Amino acid sequence: MATDPALPQTDEEAVAELARLSAELAHHNRAYHTDDAPEISDAAYDALVRRNLAVEAAFPHLVRGDSPSAQVGAAPATHLAKVAHARPMLSLDNAFSDEEVAEFVQRIRRFLSLAKDEPISLTAEPKIDGLSCSLRFEKGLLVRALTRGDGTTGEDVTENVRHVAGIPRHLTITPNLTPPDIFEVRGEVFMKKSDFADLNRELAANGTRVGRAKQFANPRNAAAGSLRQKDSSVTASRSLSFLAHGVGEASYVPADTQFELMQAVEVLGLQVSNLMARLNSLNDVLDHYRAIEAERADLPFDIDGVVYKIDRLDWQARLGFVGRAPRWALAHKFPAERAQTTLNAIDIQVGRTGKLTPVARLEPVTVGGVVVTNATLHNADEIARLGVRPGDRVVIQRAGDVIPQIVENLSRDDTRAPWGFPTHCPECGSDAVREEGEVDIRCSGGLVCPAQRTERLKHFASRGALDIEGLGAQQIEDFVTDGLLHTPADIFRLTQAQLLPRKKDGKVWAANLLRAIEAKRAPDPVRFLFGLGIRHVGSITARELLKAFGTVQAIAEVATRAHDDEAARAEIEAVEGIGPIVTQALIAFFAEPHNREAWDDLLSEVAPEPFVQVQRTSQVSGKTVVFTGTLETLSRDEAKAQAEALGARVSGSVSAKTDLLVAGTAAGSKRKKAEEAGVRVVDEAGWLAIVAAAG
Ligand code: IVH
């Protein structure tokens, strides 16, 4: 490994280097976050960040307010180091009623064979909605912090937790309590409600994105997103808190009971919930639960229940755990919160795939401290089930961070006419259709509907479809936002004049993109038909249709006739692998006038080739091939299309009929199964060699 270059010696040198690093990091942040097109590896990016921090540490007086180390919005880490826990981090069993809590206590009595009058003490404390973290102190010093991960292995967030309020870098030494040599304190990292609101306000004001979203959905996500960062300076810019709730590995345990153990943890310098109590009867436990519930809305952080733990540590040890949860602890969850309000209107939202979802617009009402104005109504069946119409009084429920739901209609009156679900898409006016046996109603205006536009265009240009080089997802999003693209035909009308101003020195880029588009004026018909995104018409179906009808125009013609001609419908259904659902989808697509218009428009720009059955003989002709894992140079659709072009069948699962498994990176169980079954396995390079050999 190359050694780091020496640090700058003078202020002038440091200023110059910090300026260079700042520009470079800004450039790569933009490439990664805004353009979705990283130019350097994560490791190289990290090296730049570390270098910047090192220079800043050596010249602290030169750190500027706009230093890259002070910026928010980096992507959550995907490559935090994984480290095994010294003791597994368990989860908790849940109870939702007083009876279940009573049963829990009974179970413990039985398990420990306790006499009827033997008292059991329990601790009770809030269940905080954050993410658990294990802090390892050795000889009093914080040496490692891990997230829970899968309970056995966590992610290393040691540097990050140094910026969390309530996590000391070393334990407190007092005359009465020497810190154990090894002491793991476990607890919850969370974000206070007020800090969460401030953070989202700040993100909105700066236009900073968190991943693909503009803001964090709730304090728990914000806490997780802020802690699980590769760059600890991002964590430092967020306000996180910590409360301890237990102990992991300890070279000795400085108490006999949970309650005293947590007092010791407090003496050692960590914070413990001030709502933790030790209680000696079931009634007292349940009273404490209700007291915490009453305070819930006024607490500075989100909680979703109360956690009970058997106080005696020797009993905890005897009780052990079942599965992933201790027998000696229980989470008593709060019921979903409910409130009454008026349903003002039912709006229809059109999803990116064309699904029409009814949304209830409510008279604003506070439910558990949160003002609710919308609730989901799922689908037409749900509206019918509740019998709701605008103006009705309804009961709404909010549980955790799920979208509020309407659970009851207080104005139900089944003599009224039911609310009529729209027959047309509110976004584009195309027919809204419900497929047989489906609950969802969908817009059939795939090619024209603005709600679906971006996804459709991405699909049309994608690798498995037209495969237009340089016209990626981000590019399409930007072009749609700026009004350059509405329908697929618009792609072929893009001009140099439109493209040039979009990028600095964009001449080469624009020329390349236009050339790539021109190259697809006579597209492969299977890719073209698949690219239209007609429901249920994947690349295999597209190929079968073309095999049967020869050209895309002939398919459009027969699908149009089939709208009111049984014979034409039967002709489509007779095609190999095509049933009534695909047939209906084709008919609906071509019957929709807006689609028809976009189709005619598109065919005035491009001329798909007629279908030619390529008879390439290869080692996989007539064989069954399965793809698994991540392919680096091919999309799945592309690989599938290659296999089919070579006369192979592509299947999704390994079975006795499988002849070849193509295993990309991170191939898991399928690879194992294939190897066990003696199926031939090749990697991506092996697959490409098979394709190349077929010529
Ligand atoms: S005790 C062995 N106490 O809840 C049991 N957990 O649903 C260890 N949590 O993974 C957990 N507040 O992240 C405990 N006061 C509390 C808690 C708490 C929140 C979380 C913890 C755990 C999850 C289980």
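Just so you know, these numbers come straight off a predicted model, no measurement behind them.

J.: Quick question: what am I supposed to make of the overall build of the protein chain here?
T.: Counting its secondary structure elements, the protein chain contains 25 helices and 24 strands. C-alpha atoms of the protein chain, sized along the principal axes, occupy 90 × 85 × 55 Å. Among the 695 residues that make up the protein chain, the fraction classed as buried is 47%. Taking contacts inside the protein chain between residues at least 6 apart in sequence as the whole, the part at least 24 apart equals 67%.

J.: Which parts of the structure should I look at to understand the packing of aromatic side chains?
T.: To describe a pair of aromatic rings, one takes the distance between the centres and the angle between the planes. Considering all chains together, one arrives at eight aromatic pairs under this definition. When the ring of phenylalanine 190 is compared with that of phenylalanine 301, the centres are 4.8 Å apart and the planes differ by 55°; the resulting orientation is tilted. Note that phenylalanine 190 is positioned in strand β7 (residues 182-190) and phenylalanine 301 in the loop between α9 (282-295) and β10 (303-310), a separation of 111 residues in sequence. With respect to burial, phenylalanine 190 and phenylalanine 301 carry one shared label: buried.

J.: When you look at the sheet that holds strand β8 (residues 241-250) in this model, what are you seeing that I'm missing?
T.: As a general point, the strands of a sheet are linked pairwise by backbone hydrogen bonds and lie either parallel or antiparallel. Strand order in this open sheet of four strands is β5-β4-β7-β8, and the pairing throughout is antiparallel. Every interior strand has two partners, whereas the edge strands, β5 (141-147) and β8, have only one. Taken pair by pair, the neighbouring strands of this sheet meet at an average axis angle of 30°, ignoring direction. Of the strands in this sheet, β7 and β8 are in contact with helix α8 (residues 258-267), which crosses β8 at around 115°.

J.: What is the right way to read the site of the ligand from this model?
T.: Contacts to the ligand come from 14 residues, most closely from Pro126, Lys127, Ile128, Ser132 and Glu188. Separating a nitrogen atom of the ligand from a backbone N or O atom of isoleucine 128 is a distance of 3.0 Å. Measuring from an oxygen atom of the ligand, one finds a side-chain N or O atom of glutamate 188 at 2.8 Å. Of all the secondary-structure elements, those providing two or more residues to the shell around the ligand are β3 (122-128) and β10.

J.: It is not clear to me how the environment of glycine 445 should be interpreted in this structure. Could you clarify?
T.: One can find glycine 445 in the loop between β20 (441-443) and α12 (450-461). Beyond its immediate chain neighbours, meaning those up to four positions away, glycine 445 contacts Cys428, Ser430, Gln452, Glu592 and Asn595.

J.: Looking at this structure, how should I read the pattern of salt bridges?
T.: Close approach of charged atoms allows side chains of opposite charge to pair. For the coordinates displayed, the defined rule picks out 42 salt bridges. Between arginine 416 and aspartate 392 there is a salt bridge whose closest N-O contact spans 2.8 Å. Here the residue arginine 416 occupies a position in the loop between β18 (405-409) and β19 (432-434), and aspartate 392 occupies one in the loop between α11 (380-386) and β17 (393-398), the gap between them amounting to 24 residues. Among the ionic pairs, arginine 543 bridges to glutamate 644, the shortest N-O distance being 3.6 Å. Residue arginine 543 is located in helix α18 (residues 539-549), and its partner glutamate 644 is located in helix α23 (residues 636-645); the two are separated by 101 residues in the primary sequence. The buried category is assigned to arginine 543, whose relative accessible area is 16%. Among the ionic contacts, a cluster of salt bridges with common partners joins Asp490, Arg493, Glu518, Arg521, Asp601 and Glu605.

J.: Is there a simple way to think about the nonpolar core in this case?
T.: The nonpolar side chains of a soluble globular protein tend to be buried with one another. Counting residues in hydrophobic clusters, the biggest one holds 56 residues, and the most contacted among them are Phe479, Ile491, Phe528, Leu529, Leu545, Ile572 and Leu586. If sequence neighbours within four positions are ignored, phenylalanine 528 has contacts with Phe460, Leu466, Pro523, Val552, Trp599, Leu602, Leu603, Val606 and Pro608. Core analysis: the second largest hydrophobic core is formed by 36 residues, Ile167, Val185, Leu199 and Val265 among them.

J.: Would you explain α23 in this entry?
T.: Given 3.6 residues to a turn, an α-helix orients residues that are three or four positions apart in the same direction. By the burial criterion, the buried members of α23 are Glu638, Ala639, Gln642, Ala643, Glu644 and Ala645. In this fold, the buried residues of α23 make contact with α17 (525-531), α18, β21 (624-628), β22 (649-651) and α25 (684-693). The distance from a side-chain oxygen at the start of α23 to the backbone nitrogen of glutamate 638 is 3.0 Å, and the residue carrying that oxygen is serine 635. Directly after α23, the chain includes glycine 647, whose backbone phi takes a positive value near 85°.

J.: It is not clear to me how the environment of aspartate 637 should be interpreted in this structure. Could you clarify?
T.: Of note, aspartate 637 is situated in helix α23. Distance in space between the C-alpha atoms of aspartate 637 and glycine 531 is 11 Å, their sequence separation being 106 residues. Residues contacting aspartate 637, with those up to four places away along its chain left out, are Gly464 and Phe530.

J.: Could you clarify how one ought to interpret α12 in this entry?
T.: The end-to-end C-alpha distance of α12, which contains 12 residues, comes to 17 Å, matching closely the 16 Å that a straight helix rising 1.5 Å per residue would cover. Within the span of α12, buried status applies to Gln452, Arg453, Thr454, Arg456, Leu457, Lys458, Phe460 and Ala461. Those residues of α12 that are buried are in contact with β20, α13 (473-481), α14 (488-491), α17 and α22 (593-605).

J.: Please explain the packing of helix α19 (residues 552-561) against α22 as it appears in this structure.
T.: If you want to describe how two helices pack, look at the angle between their axes and the distance between the axes. The geometry of α19 relative to α22 is characterised by a closest axis approach of 13 Å and an angle of 160° between their N-to-C directions. Considering the angle they form, α19 stands roughly antiparallel to α22. Judged by the twist between their axes, the crossing of α19 over α22 is left-handed. Residue-level inspection shows Val552, Gln553, Ala556 and Thr560 of α19 in contact with α22, the latter providing Arg596, Trp599 and Leu603.

J.: Can you help me understand the sheet that holds strand β9 (residues 277-279) in this one?
T.: Spatially, five strands are ordered β2-β13-β10-β3-β9 in an open sheet, and the strand pairing comes out mixed. Single-partner strands in this sheet number two, and they are β2 (94-95) and β9. Of the pairings in the sheet, the one linking β2 to strand β13 (residues 329-333) comprises two bridges and is parallel in character. Within β13, the position partnered with asparagine 94 by the bridge is alanine 331. On top of the sheet, helix α3 (residues 98-112) reaches β2, β3, β10 and β13; it is set at about 175° to β13, its chief contact.

J.: So what exactly am I meant to see when it comes to the side chain of threonine 624 here?
T.: Tracing the backbone shows threonine 624 in strand β21. Contacts of threonine 624, omitting those with residues within four sequence positions, involve Arg649, Ser651, Lys657, Thr658, Asp659 and Leu660.

J.: Help me understand the pairing of β8, please; the structure alone is not making it clear to me.
T.: Two faces, one strand: in a regular strand the side chains alternate between the faces of the sheet. Among the 10 residues that make up β8, eight are buried, leaving the element largely enclosed by the rest of the structure. Pairing between β7 and β8: seven bridges, direction antiparallel. The residue of β8 that forms the bridge with phenylalanine 190 is serine 241.

J.: How should the confidence of the model for the protein chain be read in this particular structure?
T.: Averaged over the protein chain, the pLDDT score is 88; the fraction of residues at 70 or greater is 91%. Note on residues 70-77: pLDDT under 50 across the span, and 25 contacts to partners over four residues away in sequence or across chains.

Definitions and cut-offs
- Residues numbered from 1 in each chain as written.
- Predicted model: local features only at pLDDT ≥ 70, side-chain atom pairs only at ≥ 80, totals over all residues.
- Heavy atoms only, no water.
- Helix = DSSP H or I, 4+ residues; strand = E, 2+ residues; numbered from the N terminus.
- Buried < 20%, exposed > 50% of the residue type's maximum accessible area, 1.4 Å probe, protein only.
- Contact = heavy atoms within 4.5 Å.
- Phe/Tyr/Trp six-rings, centres within 6.5 Å; stacked < 30°, edge-to-face > 60°.
- Pairing = 2+ DSSP bridges.
- Axes fitted to C-alpha atoms, helices over the stretch in contact; angles between N-to-C directions.
- Near = heavy atom within 4 Å.
- Polar contact = N/O pair within 3.5 Å; in protein donor to acceptor, adjacent residues only side chain to side chain.
- Salt bridge = Lys/Arg side-chain N within 4 Å of Asp/Glu carboxyl O.
- Core = buried A, V, L, I, M, F, W, Y, C linked by side-chain atoms within 4.5 Å.
- Expected span 1.5 Å × (residues − 1).
- Parallel < 35°, antiparallel > 145°, perpendicular 65-115°, else oblique.
- Left-handed = near helix turned anticlockwise from the far one by under 90°.
- pLDDT = per-residue confidence, 0-100.

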